[in-house]
Amino acid sequence: MATASAHVSGIAGRYATALFELAQEDDSVAQVEADLTAIESALADSADLRELISSPVYSRTDQQNAMRALAQAMSLGNTVSNGLELMASRRRLFVLPDVIAAVKALAADARGEVTAEVTSATPLSSEQLDALSASLKASVGRDVTLNTTVDEKIIGGLIVKVGSKMIDTSIASKLAAMKNVMKEVG
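Described below are features of the structure shown in this document.

Reading the values: the criteria
- The residue numbers shown here count from 1 along each chain, following its written sequence.
- Local features in this predicted model are restricted to residues of pLDDT 70 or higher, and side-chain atom pairs are both shown and tallied only at a pLDDT of 80 or more, whereas totals for entire chains, interfaces and linings draw on every residue.
- The side-chain quantities take in all heavy atoms of the structure and omit both hydrogens and water.
- Under the DSSP-based scheme used, a helix requires at least four consecutive residues in state H or I and a strand at least two consecutive residues in state E, with every element numbered from the N terminus.
- Throughout, exposure labels follow a simple rule: accessible area from a 1.4 Å probe, protein chains only, divided by the maximum for the residue type, with under 20% read as buried, over 50% as exposed, and the rest as partly exposed.
- The contact criterion used is simple: two residues touch if any of their non-hydrogen atoms lie within 4.5 Å.
- Here, Shrake-Rupley sampling with a 1.4 Å probe gives the accessible areas, and only protein chains in the shown set may cover a residue.
- As used throughout, the charge tally considers Lys and Arg to be positive and Asp and Glu to be negative, leaving His and the chain termini uncounted.
- By convention, the charge on Lys lies at NZ, on Arg at CZ, on Asp at CG and on Glu at CD.

Comments concerning the overall build of the chain
Here is step 1 of the chain: Each helix and strand in the chain was counted, giving eight helices and four strands.
Here is step 2 of the chain: Going residue by residue from the N terminus, the α and β elements of the chain occur as α-α-α-α-α-α-β-α-β-β-β-α.
Here is step 3 of the chain: Structurally, the chain occupies a C-alpha span of about 60 × 40 × 30 Å along its principal axes.
Here is step 4 of the chain: Of all 186 residues assigned to the chain, the portion counted as buried reaches 35%.
Here is step 5 of the chain: Within the chain, contacts between residues at least 6 apart in sequence are counted, and of these 65% link residues at least 24 apart.
Here is step 6 of the chain: Looking at the chain as shown, the accessible area adds up to about 11100 Å², and 54% of this sits on carbon and sulfur atoms.
Here is step 7 of the chain: If you average the places of the 17 positive and of the 23 negative side-chain charges in the chain, the two averages end up 8 Å apart.

Structural notes on the environment of Val99
Here is step 1 of the chain: Relative to the elements of secondary structure, Val99 occurs in helix H6 (residues 96–110).
Here is step 2 of the chain: Considering only alpha carbons, one finds Val99 and Tyr15, 84 residues apart in sequence, at a separation of 6.5 Å.
Here is step 3 of the chain: Sequence-distant contacts of Val99, that is, excluding residues within four places in its chain, are made with Ala12, Tyr15, Ala16, Leu19 and Met87.

Re unusual backbone geometry
Leave glycine aside and you will find that most residues have negative phi; peptide bonds, for their part, are mostly trans.
Here is step 1 of the chain: The backbone phi angle of Asp27 is positive, close to 55 degrees, even though this residue is not glycine.
Here is step 2 of the chain: Topologically, Asp27 is positioned in the loop between helix H1 (10–25) and helix H2 (29–45).
Here is step 3 of the chain: Unlike most non-glycine residues, Arg91 shows phi in positive territory, near 60 degrees.
Here is step 4 of the chain: Its place among the elements puts Arg91 in the loop between helix H5 (78–89) and H6.

If you want it as structure tokens, here you go:
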């Protein structure tokens, strides 16, 4: 049985825990993670799919049929296919992005990994990613998986979030701090 950790709660947490435990029983955690990553990518690419899972306009049957067709078209495994269909039958597809994140977190936790959310002004090179990963591993004492995003608004530097800790070395935050200091002086 999986140990539910602090990052898994509510409706999404219950579905994620059940999906993860079924994957562990079937020894299909890697397959479930791959399937969920594919769904996550499909959600990012398709506004129609995002609307389907979040809009109350679609009937329970429409959502079930769509999830069944999606699972078949994407060749998803039984665990994820059945999970999607169950969520559709219970009208809980709106929590799917949270379920995906929670299952990935449970799987990473089971492997002894921690995930770091990294935001940079420009894409990081593989050397920079390797150095950052090694530095974070030394700091937290566990393997670190990096989820990177690019946000030009931070101008330069990095914003790194690991669990509840955040390190913000972005130029935008330094400029904001300087602005506040200047307001206090004047």
